[in-house]
Amino acid sequence: MKLTSTYFYFVFSIMLLITSCSSDDSINIDEEKPTITINYIEGFPQACEQLVKGETYTFKAQVTDNRALASYSLDLHHNFDHHTHDDQGETCDLEPIKVAVNPFIYMQNFNIEGELTTYEINISITIPNDIDTGDYHCAYSVTDVTGWQSRTSIDIKIIE
């Protein structure tokens with residue numbers, strides 16, 4: 001019985017060693033994050049943009065990847081506490097800190113079908129009339145098929 005166990009472990013170890021070693025160097029690891037930008041003519045909103053309550057806006061950003069894009073998201077949330085995001089570019093003049101009563105919050109995820117390497121995000125949103133005005137963040141995020149993610153956030157204002 002002891003000889004059978006030893007033999008089994010020996011064969012198992014050899015098989016594990018053989019299967020873990022491979023001469024296949026064709027594995028191409030994706031080491032590139034996708035890109036996302038609003039810095040083009042149609043990109044919206046731009047930093048410090050003022051959005052009017054009750055109006056409809058088309059949020060646009062250009063996303064690209066070296067392999068294929070998988071999904072994106074748009075997040076609009078208040079910045080009444082003056083927080084920042086690590087990827088935030090330009091900072092705008094902020095109103096005094098205040099407590100949110102009825103802030104506008106929009107968070108939505110979308111899939112990108114067809115293994116595209118470039119895509120323009122295009123989301124139409126109406127700013128509700130009954131929300132708090134003030135400082136907000138607009139945050140775009142994009143994920144590629146291998147799981148890499150990029151994001152960008154900008155300051156915007158919602159006004160009467």
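Before reading further, recall that the structure is shown in the block above.
Just so you know, these numbers come straight off a predicted model, no measurement behind them.

Through backbone hydrogen bonds, the strands of a sheet pair up, either in parallel or in antiparallel fashion. Strand order in the open sheet formed by five strands is E2-E8-E7-E4-E5, and the pairing between neighbours is mixed. Lying at the two open borders of the sheet, with one neighbouring strand each, are strand E2 (49-52) and strand E5 (106-111). Strand-to-strand, the axes of this sheet are offset by a mean angle of 25°, without reference to chain direction. Pairing of strand E4 (residues 69-78) with E5 involves six bridges; the strand directions are antiparallel. The partner of Leu-74 across the bridge, within E5, is Gln-108.

The subject of this paragraph is the state of the cysteines. Tallying each qualifying case throughout the model produces one disulfide. Bridging Cys-48 to Cys-92, the disulfide has an S-S length of 1.7 Å. Here the S-S torsion is close to -100°, and the disulfide linking Cys-48 with Cys-92 is therefore left-handed. Residue Cys-48 is found in the loop between strand E1 (35-37) and E2, and its partner Cys-92 is found in the loop between E4 and E5; the two are separated by 44 residues along the sequence. On the basis of relative accessible area, Cys-48 is assigned to the partly exposed category, the value being 30%. Accessibility expressed as a relative area gives 11% for Cys-92, which makes it buried.

Each value, and the rule that gives it
Residues numbered from 1 in each chain as written. Predicted model: local features only at pLDDT ≥ 70, side-chain atom pairs only at ≥ 80, totals over all residues. Heavy atoms only, no water. Pairing = 2+ DSSP bridges. Helix = DSSP H or I, 4+ residues; strand = E, 2+ residues; numbered from the N terminus. Axes fitted to C-alpha atoms, helices over the stretch in contact; angles between N-to-C directions. Disulfide = S-S within 2.5 Å. Buried < 20%, exposed > 50% of the residue type's maximum accessible area, 1.4 Å probe, protein only.

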